[in-house]
Amino acid sequence: MQPLGQLAGLGDAVPGLAPPAAPTVLTRKQKAAIVVRLLASEGLKLPLSELSDDHQTELTEAVGRLRLVDRDTLSAVVEEFCAELDSVGLAFPGGLDGALSLLDGQLSPSASTRLRRLASGSSRADPWERITGLSAELLHPVLEEESVEVGAVMLSKLSVAKAAELLGLLPGDKARRVAYAVSLTGNVAPDTVHRIGQALAAQLDAQPAKAFDTGPVERVGAILNYSASITRDAVLKGLEEEDQVFADQVRKAIFTFANIPARIDPRDVPKILRNVDQARLVTALAGAIGPLEASGEFILTNMSQRMAQSLRDEMANLGKVKEKDSEDAMGEIVAAIREMEAAGEIFLVAEDEA
């Protein structure tokens, strides 16, 4: 049994105690009070807030009624408490919230969502612990839909960095009103904040589970990144005829060899080339003609001139390369760039910045 579980298993009502001597027979509440007092004297604070309000009240009353306890009684209580702890083989977190935390990442999204809905109504856990752990992407739609006052409470409970990120995602007028409303949250009662947290958690849990980790724009863009240029151009042309807005978003999500001059920081070129086979680099550069010539020149310009001249000599000796071979080599360079970006080794320049 965990220490808090021991304290939660409190028995009958506490009889009055006459100071200074402790009674020879102690109730479980009194024993729990002695353990809490002993740990407090050693500077150890138990998370008593995890107990129910009734248990917290009973324990506090037991602490308030006790006066002096002799050494023999103290030793007996500590030995009994330690014996109960030593006899425990396995401890469970207790409640659906604890079970969900324990099984996090092992349940299907649909099962996890359903269980969180069941837990939200009766849970004693702090809903803000879960809310503050969510990404700004998930919190942003909720913040936009909620009132300014609720938004101010949400920002006040989040970390400064995440609150600033969310504030930056709001339209200017609402961002200003929410920021001002934060200044009015000084007198909000803790119970009100808790209820707001429960309502927001329930709203987040009510959102249907997503089958895909990324949005349709990112998925289509990733597919077209590795498609042949003739296929990519044909698909984009068709998307423009069906949905111009979606097509424009996909174009921004696509990163191909042709995008290198606009999206790559010149200082990152040497770092990228260390992850590319030199023979494949020569094949890609030799095939970079027409619209792709600018990308080849960008790479050659942003490396040491000695290495650039060596590559030019190899390209001249290689002569004309097959279009498929050069396109495959370009795809390998793009894949290396994508892997480095995912690992945080480089950052692509946003198209708007470019």
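Predicted, not measured: the structure shown is a model, and the values here were computed from it. (Residues numbered from 1 in each chain as written. Predicted model: local features only at pLDDT ≥ 70, side-chain atom pairs only at ≥ 80, totals over all residues. Heavy atoms only, no water.)

(A) Summary view of the overall build of the protein chain. The helix and strand inventory of the protein chain stands at 21 helices and zero strands. For the protein chain, the proportion of its 354 residues judged to be buried stands at 32%. Across the protein chain, contacts joining residues at least 24 apart in sequence account for 73% of those joining residues at least 6 apart. Of the accessible surface of the protein chain, which amounts to about 21600 Å², a share of 54% is contributed by carbon and sulfur atoms. (Helix = DSSP H or I, 4+ residues; strand = E, 2+ residues; numbered from the N terminus. Buried < 20%, exposed > 50% of the residue type's maximum accessible area, 1.4 Å probe, protein only. Contact = heavy atoms within 4.5 Å. Areas by Shrake-Rupley, 256 points an atom, 1.4 Å probe, with all protein chains shown as cover.)

(B) Quick look at the packing of helix H14 (residues 229-242) against helix H15 (residues 244-253). The interhelical angle for the contact between H14 and H15, taken along N-to-C directions, is 145 degrees, at an axis separation of 6 Å. Touching Leu-236, Leu-239, Glu-240 and Glu-242 of H14 are Gln-244, Phe-246, Ala-247, Val-250 and Arg-251, all from H15. Taken together, the residues of the contact of H14 with H15 sort by class into five nonpolar, one polar and three charged. (Axes fitted to C-alpha atoms, helices over the stretch in contact; angles between N-to-C directions. Nonpolar A, V, L, I, M, F, W, Y, C, P; charged D, E, K, R; others polar.)

(C) Highlighting the confidence of the model for the protein chain. Of the residues in the protein chain, 82% have a pLDDT of 70 or more, and the chain-wide mean is 81. Low pLDDT (under 50) marks residues 1-23, which in the prediction has 53 contacts with non-local residues, meaning those over four places away or in another chain. (pLDDT = per-residue confidence, 0-100.)

(D) Geometry of the environment of Gln-56. Here Gln-56 lies in helix H3 (residues 53-65). If we skip the residues at most four places from it in the chain, Gln-56 touches Leu-48, Ser-49 and Leu-51.

(E) Fine view of helix H13 (residues 216-225). Every buried residue belonging to H13 is among Val-217, Gly-221, Leu-224 and Asn-225, and all of these are buried. Along H13, the residues classed as buried sweep out an arc of 105 degrees about the axis, all on the same side. On its buried face, H13 sits against H14, H15 and helix H21 (323-342). (Arc of directions from axis to C-beta.)

(F) Molecular detail of the pattern of salt bridges. Applying the stated criterion across every chain, the model contains 11 salt bridges. Salt-bridge contacts for Asp-265 lead to Arg-267; the nearest nitrogen and oxygen are separated by 2.8 Å. Asp-265 gets classed as partly exposed once you look at its relative accessible area, which sits at 21%. Across the pair Lys-271 and Asp-268 runs a salt bridge, and its minimum N-O distance is 3.9 Å. Given the relative accessible area of 29%, Lys-271 is considered partly exposed. Given a relative accessible area of 13%, Asp-268 falls into the buried group. One network of salt bridges, with partners in common, ties together Asp-173, Arg-176 and Arg-177. (Salt bridge = Lys/Arg side-chain N within 4 Å of Asp/Glu carboxyl O.)

(G) View of a nonpolar patch on the surface. On the surface, Leu-102, Leu-103 and Leu-107 cluster together into a nonpolar patch covering about 230 Å² of accessible area. Counting through the fold element by element, Leu-107 comes out in the loop between helix H5 (95-102) and helix H6 (109-122). (Patch = residues over 30% accessible without salt bridge, like charges linked within 9 Å, V, L, I, M, F, W, Y side chains within 5 Å.)

(H) Here's a closer look at H14. For H14, which comprises 14 residues, the first-to-last C-alpha distance of 20 Å matches the rise-based estimate of 20 Å (1.5 Å per residue) to within 8%. Restricting attention to buried positions, one finds in H14 the residues Arg-232, Leu-236 and Leu-239. Each buried residue of H14 sits inside an arc of 60 degrees when the element is viewed along its axis, so together they form one side. Seen from the buried face of H14, the exposed residues on the opposite side, beyond 90 degrees, are Ile-230, Lys-237, Glu-241 and Glu-242. (Expected span 1.5 Å × (residues − 1).)

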